[in-house]
Amino acid sequence: MKEAQRAQGQERDRGDAPAPTLRPFVNLRAFRGGWFNVISGTIGTVFAAIVVYLVVRLALRLFFNDGHFDTDVFARVLAYRDLSTILLNTVVIVTSSMILALVIGSLFAWLMERTDARIDWLAGLLPMFSMILLPIAGAIGWVFLLAPQAGFINGMLRAALGWFGIAVASGPLNIYSWPGIILLYTAYMIPFAFLMVSTGLRNSDPSMEEAARISGASLFQTLWQITIPVLRPSLGAAALYIIWFGFSFFSVPVVIGNELRVRVLAVEIVRLVTFTYPSDVAVAIGLSVFLVIALGTAWYFQGRILRANRHASIGGKGQRTATLRLGKLRVWGQTLLIVYAVLTFVLPLLALILVALNGYWTIDISWGELNVANLWMGATENRAASRSLVNSFSLAVIGATIAMLVAAIFSLYLRHAHSRWALTLDGIIKLPSALSAIVIGLGFVLAFAGPPFQLGNTYAILLLCYVVLFLPQATISADAAAAQVDKQLSEASWVSGARGGMTFLRISLPLMVPGLIAGWGLLFVWMTGELNASIMVSGTRVPVIGFQILQIFQTGGFAVLASLALILTAINVVVLSAAHVFERRIGRGSSGRNAALFRA
Amino acid sequence: MNMLDAETRAARVFSSNKGTGTGDALKLRGIQKYFKRRDGTRVPAVDGIDLCVAQGEFVVLLGPSGCGKTTLLRCIAGLESPDQGVITIHGEEHYSSADNVDSSPDRRKLGMVFQSYALWPHMKVFTNVAYPLQVKKVPRAEIRERVMNVMRTVGVEDLAEQFPGQLSGGQQQRVALARALVSSDGLLLFDEPLSNVDAKVREQLRFEIRRMQQQIGFAAIYVTHDQDEAMELADRIAVLNKGRVAQLDSPQNIYDKPADRYVAKFIGAANEVMGRIVTLGPGGSATVSTDAGPITGVLGQDDLAVGEEVSVIARPEKCRLLSATTSTGINEWAFEQATSLFVGANRRVVGRAVGWGNAQVQFSSREEQPVLGTSMRLHVPVEFARIYRK
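Residues numbered from 1 in each chain as written. Chains lettered and ligands numbered in written order. Predicted model: local features only at pLDDT ≥ 70, side-chain atom pairs only at ≥ 80, totals over all residues.

J.: For this particular structure, what's the right way to read the overall build of chain A?
T.: Helices and strands together make up the secondary structure of chain A, namely 27 helices and two strands. Expected size for 600 residues packed as a compact globule is a radius of gyration near 25 Å; at 27 Å, chain A falls within 12% of this value. Along the longest, intermediate and shortest principal axes, the C-alpha atoms of chain A span 110 × 70 × 50 Å. The contacts of chain A with a sequence gap of at least 6 include a subset with a gap of at least 24, amounting to 80%. (Helix = DSSP H or I, 4+ residues; strand = E, 2+ residues; numbered from the N terminus. Rg over C-alpha atoms; globule rule 2.2 N^0.38 Å. Contact = placed C-beta atoms within 7 Å.)

This is how it looks when you write it as structure tokens:
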């Protein structure tokens, strides 16, 4: 209709023109963004379409079977063996470890942000420990340390008790216990609380606390009446992330839970898809509805907290505050921080190293026969292990690069287009981060493994899954990188005669590189460590490290898995430090003064 | 600088000679641009602007922030799309709502100097200037020659190997100008380019831009909110008010004969009193009844009628202070002096006159000045009391 009117208008206008000129297509209004804009929009649309397709397939499977509406899935889910126990276990574990994590994480954040117990080098590292050392490897490391019979720490404790004449056959500590599983969950949840509360503390005005102290409030009163209320939104966000993480956390319960006979939701879903024959994807999807309900509830409450606490964001940024002197407590504060690093990273890493060096897991280490070559021999001589290493490494390199490039192109598109369509695409592309990796993994199994795509057990499905799964995080990095680049810089290029593609290659991309590299490093580490989705999607044909470590653990090849975990940890450390150094070096260049570094 | 020299220089700077021929460099017809508010209402940012810029002409768009001047400039560049109208650059239609044409900025062959200069920090100065030619796939040797030529003209030939981060504000400004010259076919757009440099450099650069413009002969659209800058640079000034051209004229006419009350109040300082026209006299004079009593002045707008509500505006430097004994017998008020402000070359006396509120009178410093505290009378000569529709 509109088109017709416009065409008529054109004809009328051209009627009095001497000769209608043939306008080149590129001058038409609809095409003013150029080919690059078309391509960017298409890329965004394709990835958004994949997400929509996944979600639609999942939703359809819940209500339809072979084209007929039925509620069979729900019936089977409700009849699922021990369903209520599984749900109860999950809720109890996530809730109790969440409370612990919030308390400890906030304490850490407060120590680091507001007091003289701050340890500078730990600030950036503290949230990274749980990423650098794969959670599944960390959990197994703790099994090596605290298994009732062969745990290294238990062995030492028994020896110590022996001196006092107390003889015990096993224990005294046991990782295969409720405290064990809850504490391990807590360890991996603390970074979320630490990061969120640190940010909250940094953005809130410290003079509010200073005013309270000057008005005569004690340290504890200030904390209770001022700091915590102000931090409510941050704590809410932390809780949301923890719930998001906790309900789909798989590494710890699969390692500890089996032995303890405690079943949780995430493990059940994965088991139905991967470790059951024939696999029961429908019930797995049905069970994942509980996951989505938990996440939805968390989002709802987070939204309410944010709305109720708008005042909390008031206050300037970046004020320097006199750090609180803790006196004698300072040493204790720092000790706490170090202990966390030792428990989550150093001790399990040492246990893994010891097992790898020794060649097998035993409590009676023959110290003279430790062989350094075992560190890499274990993994490289095992064909499945070395294949998984190669797979994970190449998937992470390619996947992180694709995701980062797509994200860079898309965030520039978003900045320039501003259309409702672009904003919609952005919302859809970011959806996978709101759902859980388990849900996305299930979606891939359902939507891509079978017909019409038949991508089951292929490298391609894993790659696509990683890109879709981590695109939200990639766009967050890319958005930040794009925001660093003044819009006038790309406009100047456009006016200078360069079209979108050229402007992207020569202006926007080079200027975004520092931010993109930092984002790439994180994506790489996340992708090598991905377990939830890959375990369902990849199967045994294309093994990835996390899955391989789990399988080796279940068959008892402890030295091989230790070696594999150590090699991956080393790679992660190298990649993250390289990205960090690189970002620092050229990042400084882009700000002007040392622009010469750009030549490199 | 003779004509021939200017022409050969221009030929070496621009890619084609379009910009140095005759005809209009830019023609705007009925340009409209709306912004949508959150509640859905459409607010005009540019509200029907017609403008012609001749080859080699320097036109300044002047107005307060929010008057639509930058939006208009961005529409010309193609960085934003108008909703109505026609934009013709060097005789080529680049936007037309009727013909559904809206070419992208890269096809408009313009040069633009941005407020932040927008030099690319990761490229050397040479590459920054050469970029417009590189993307047009001009042969290497030619690029080198033309870039060095322009850089010499602008006075930055020594900086070719530097990075923008190593330059001063003034140098960056020159490089940005060089890049705009290279990219353009003879029409340059300036988006408040001098608002980021300090006063001293600003004056120097203003002078240089004008000198180069006359030497090379490009046409320019220059956006600013600074009236001194506008006065100094422009062949013609377009004063914008709420998306419309309030007056388009030479700087002198804009100053001496503002077209309406808005322009009169926006340009320069103004003493103002409100009233109603009582009688119309010969030669465009009129008498206005005001709070300050009857004032005789000249009509600023032709179509004013008896009984219309008007404002009488008198510039401080056109007002006089008389001693109590002398009198002209017309447009005089008792003046109670409050302060005397020394403003460089001038001195401004501020005081109260009945009906005028705080009135200002400006003297050049060497002129004889009244002694503080003596009783005086404010006098506005009839020809400088200009009457405008309220």
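J.: Looking at this model, I keep getting lost on the overall build of chain B. Mind explaining?
T.: Per the secondary structure count, chain B includes nine helices and 21 strands. When each of the 390 residues of chain B is scored for burial, the buried share is 45%. By sequence separation, contacts in chain B at least 24 residues apart represent 66% of the contacts at least 6 residues apart. (Buried ≥ 20, exposed ≤ 12 C-beta atoms within 10 Å, placed from the backbone.)

J.: Looking at this structure, I do not really get the sheet that holds strand β16 (residues 320-323) of chain B. What am I missing?
T.: By way of backbone hydrogen bonds, the strands of a sheet pair with one another, either parallel or antiparallel. Residue and element names in this part refer to chain B. Pairing within the open sheet is antiparallel, and its five strands lie in the order β16-β20-β17-β18-β19. The open sheet terminates on both sides in strands that have one partner only, identified here as β16 and β19 (357-364). Sheet twist, expressed as the average angle between the axes of neighbouring strands with direction ignored, equals 45°. (Pairing = 2+ DSSP bridges. Axes fitted to C-alpha atoms, helices over the stretch in contact; angles between N-to-C directions.)

J.: Where do I start with the nonpolar core in this structure?
T.: A:Ala193, A:Leu442, A:Leu523 and A:Leu564 are the most contacted members of the largest nonpolar core, which has 288 residues in total. Viewed by domain, this core spans two of them, domain 1 (3-110 + 184-256) and domain 2 (271-389) of chain B, each represented by three or more residues. Not counting chain neighbours up to four residues away, the residues in contact with A:Leu442 comprise A:Leu58, A:Val273, A:Val281, A:Ala284, A:Ile285, A:Ser288 and A:Met536. (Core = buried A, V, L, I, M, F, W, Y, C linked by C-beta atoms within 7 Å. Domains from an automatic or database assignment.)

J.: What's the story with the sheet that holds strand β6 (residues 101-102) of chain B in this structure? I'm lost.
T.: Residue and element names in this part refer to chain B. Taken in spatial order, the five strands of this open sheet run β2-β1-β4-β5-β6, and their pairing is antiparallel. Only two strands of the sheet have a single partner each, and these edge strands are β2 (42-54) and β6. Bridging between strand β1 (residues 24-36) and strand β4 (residues 84-89) involves five bridges; their strand directions are antiparallel. Among the inter-strand pairings, leucine 28 is bridged to a residue of β4, identified as isoleucine 87.

J.: What exactly am I supposed to notice about the confidence of the model for chain A here?
T.: All names here are of chain A. Averaged over every residue, the pLDDT of chain A is 81; the share at 70 or more is 90%. Element-level pLDDT for chain A is lowest in helix α1 (residues 2-15), with a mean of 42, against a maximum mean of 90 in helix α23 (residues 487-495). Note on residues 1-20: pLDDT under 50 across the span, and eight contacts to partners over four residues away in sequence or across chains. Note that residues 312-318 has pLDDT below 50 and, in this model, nine contacts with residues that lie over four places away or in other chains. (pLDDT = per-residue confidence, 0-100.)

J.: I'm lost on unusual backbone geometry in this one. Help?
T.: Positioned with a positive phi, A:Arg261 is a non-glycine residue whose angle comes to about 60°. A:Arg261 sits in the exposed class, given 7 other C-beta atoms within 10 Å. In this structure, B:Glu192 is a non-glycine residue whose phi angle is positive, near 40°. Structurally, the position occupied by B:Glu192 is in the loop between β8 (187-191) and α6 (199-216).

J.: For this particular structure, what's the right way to read the domain arrangement of chain B?
T.: A common way to state how big an interface is: give the accessible area lost once the parts meet. We note that the domain assignment places domain 1 (3-110 + 184-256) and domain 2 (271-389) within chain B. One C-alpha centre belongs to domain 1 of chain B, the other to domain 2 of chain B, and the line joining them spans 36 Å.

J.: Just to check I follow, could you spell out the pairing of strand β14 (residues 293-299) of chain B for this structure?
T.: Residue and element names in this part refer to chain B. Judged from the six bridges that link them, strand β13 (residues 285-290) and β14 form a sheet pairing that is antiparallel. Paired with valine 288 across the two strands is isoleucine 295, which belongs to β14. Here β13 folds back onto β14, and the loop between the two strands holds two residues. In the sheet, β14 pairs with strand β21 (residues 386-389) via two bridges, with the strands oriented parallel.

J.: So what exactly am I meant to see when it comes to the pairing of strand β9 (residues 219-224) of chain B here?
T.: Walk down a regular strand and you will see the side chains alternate between the two sheet faces. All names here are of chain B. Within β9, six of the six residues are buried, leaving the element largely enclosed by the surrounding structure. Neither face of β9 is open: one carries Ala219, Ile221 and Val223, the other Ala220, Tyr222 and Thr224, and all of them are buried. One ladder, built from five bridges, connects strand β3 (residues 58-62) with β9; its direction is parallel. Its bridge partner being in β9, valine 59 is matched across the sheet by isoleucine 221. The pairing of β8 with β9 spans five bridges and is parallel. Note on β9: the bridge partner recorded for leucine 187 is alanine 219. Read from β8 through α6 to β9, the crossover connection turns out right-handed. (Right-handed = clockwise from strand over helix to strand, strands pointing away.)

J.: What's the story with the packing of helix α4 (residues 83-114) of chain A against helix α12 (residues 232-248) of chain A in this structure? I'm lost.
T.: Packed helices, taken two at a time, are described by the angle between their axes plus the distance between the axes. All names here are of chain A. At their nearest, the axes of α4 and α12 sit 10 Å apart, and the two run at 140° to each other. In terms of orientation, α4 and α12 fall into the oblique class. Relative to α12, α4 is oriented so that their crossing is right-handed. Side by side, α4 and α12 meet where Thr90, Val94, Ser97, Met98, Ala101, Leu102 and Gly105 of the first sit next to Leu235, Ala238, Ala239, Ile242, Ile243, Gly246 and Phe247 of the second. For the contact of α4 with α12, a count of residues per class yields 10 nonpolar, four polar and no charged. (Parallel < 35°, antiparallel > 145°, perpendicular 65-115°, else oblique. Left-handed = near helix turned anticlockwise from the far one by under 90°. Nonpolar A, V, L, I, M, F, W, Y, C, P; charged D, E, K, R; others polar.)

J.: Quick question: what am I supposed to make of the packing of helix α9 (residues 178-203) of chain A against α12(A) here?
T.: All names here are of chain A. At their nearest, the axes of α9 and α12 sit 8 Å apart, and the two run at 150° to each other. It follows that α9 is roughly antiparallel to α12 by the angle criterion. Regarding α9 and α12, the two cross each other, and that crossing is right-handed. On α12, the residues touching Tyr185, Met189, Phe192, Ala193, Met196, Val197, Thr199 and Gly200 of α9 are Pro233, Ser234, Leu235, Ala237, Ala238, Tyr241, Ile242, Phe245 and Gly246.

J.: In this structure, what is going on with the environment of A:Arg330? I would like to understand it.
T.: Residues and elements named next belong to chain A. Within the secondary structure, arginine 330 sits in helix α16 (residues 329-358). Since 16 C-beta atoms lie within 10 Å of it, arginine 330 is described here as partly exposed. Each C-alpha atom of the pair arginine 330 and leucine 349 lies 27 Å from the other, and the pair is 19 residues apart in sequence. Not counting chain neighbours up to four residues away, the residues in contact with arginine 330 comprise Asp116 and Ala117.

J.: Would you explain the environment of A:Leu462 in this entry?
T.: All names here are of chain A. Relative to the elements of secondary structure, leucine 462 occurs in helix α22 (residues 459-484). The sequence separation of leucine 462 and alanine 498 amounts to 36 residues, and the corresponding C-alpha distance is 37 Å. Residues within four places of leucine 462 in sequence aside, it is in contact with Leu395, Ser534, Val537, Ser538 and Val542.

J.: Mind showing me how you'd approach the confidence of the model for chain B here?
T.: Detailed reading of predicted coordinates is not advised where the pLDDT is low. Mean pLDDT over chain B stands at 85; residues scoring 70 or higher make up 92%. This complex was scored by the predictor with a pTM of 0.79 and an ipTM of 0.84.

J.: Can you help me understand helix α8 (residues 152-163) of chain A in this one?
T.: Quick reminder: α-helices carry 3.6 residues per turn. Residues three or four places apart thus point the same way. Over its 12 residues, α8(A) extends 17 Å from the first C-alpha to the last, a length consistent with the 16 Å expected when each residue adds 1.5 Å. Two residues or fewer past α8(A), A:Gly165 is found with a positive phi of approximately 80°. (Expected span 1.5 Å × (residues − 1).)

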